[in-house]
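# Structural characterization, general
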Amino acid sequence: MTPDDQALVDRFLDMMVAEAGASRHTLSAYRSDLERSSESLGGGLGNADSDSVGRLGGQWRELAPATVARRSAALRRFFWLPGR
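Here we summarise the structure given alongside this text. (Residues numbered from 1 in each chain as written. Predicted model: local features only at pLDDT ≥ 70, side-chain atom pairs only at ≥ 80, totals over all residues. Heavy atoms only, no water.)

Another aspect to go through is the overall build of the chain. If you tally the helices and strands in the chain, you get five helices and zero strands. Element order for the chain, N to C, with α for helix and β for strand: α-α-α-α-α. Whereas a compact globule of 84 residues would reach a radius of gyration of roughly 12 Å, the chain reaches 12 Å, a difference of no more than 12%. Along the first, second and third principal axes, the C-alpha set of the chain runs to 35 × 25 × 20 Å. Residue burial in the chain is summarised as follows: out of 84 residues, 31% are buried. A separation of at least 24 residues holds for 57% of the contacts in the chain among residues at least 6 apart in sequence. With an accessible surface of roughly 5,200 Å², the chain has 50% of that area assigned to carbon and sulfur atoms. Across the chain, the 11 positively charged side chains and the 11 negatively charged ones have centroids separated by 5 Å. (Helix = DSSP H or I, 4+ residues; strand = E, 2+ residues; numbered from the N terminus. Rg over C-alpha atoms; globule rule 2.2 N^0.38 Å. Buried < 20%, exposed > 50% of the residue type's maximum accessible area, 1.4 Å probe, protein only. Contact = heavy atoms within 4.5 Å. Areas by Shrake-Rupley, 256 points an atom, 1.4 Å probe, with all protein chains shown as cover. Lys, Arg positive; Asp, Glu negative; His and termini not counted. Charge placed at Lys NZ, Arg CZ, Asp CG, Glu CD.)

As a further point, take the packing of aromatic side chains. Aromatic ring pairs are described here by two measures, namely the spacing of the ring centres and the angle between the planes. Scanning all chains against the criterion turns up three aromatic pairs. Ring geometry for F12 and F78: centres 5.4 Å apart, planes at 70°, overall edge-to-face. Separated by 66 residues along the polypeptide, F12 in helix α1 (residues 3-20) and F78 in helix α5 (residues 65-80) bring together distant segments of the chain. Neither residue differs from the other here; F12 and F78 are each classed as buried. Pairwise contacts between aromatic rings join F12, Y30, F78 and F79 into one cluster. (Phe/Tyr/Trp six-rings, centres within 6.5 Å; stacked < 30°, edge-to-face > 60°.)

What follows is about the environment of S40. Along the chain, the position of S40 falls in helix α2 (residues 24-41). On a C-alpha basis, the gap between S40 and Q59 in space is 7.7 Å, while along the polypeptide they are 19 residues apart. Apart from the residues lying within four places of it in its own chain, the contact partners of S40 are L56, Q59 and W60.

Put into structure tokens, the structure is as follows:
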């Protein structure tokens with residue numbers, strides 16, 4: 001993960017604590033999923049576009065459905081944030 005992506009994830013997790021009261025287990029799961037997604041995206045989270053995110057499904061086809069659902073949820077929440 002690039003330092004820029006690390007900073008984005010840290011800010012996102014800070015928001016999760018402040019606005020959603022996320023537990024440390026939730027934060028750990030989000031961090032892990034976002035780190036793995038950043039690596040899979042190649043250019044990282046900060047440079048991701050809809051095409052690169054859309055290609056993740058093919059890379060995740062060997063994963064358990066629950067893992068894919070959790071990673072997808074983490075990305076949806078991460079990219080939804082206004083002002084990011």
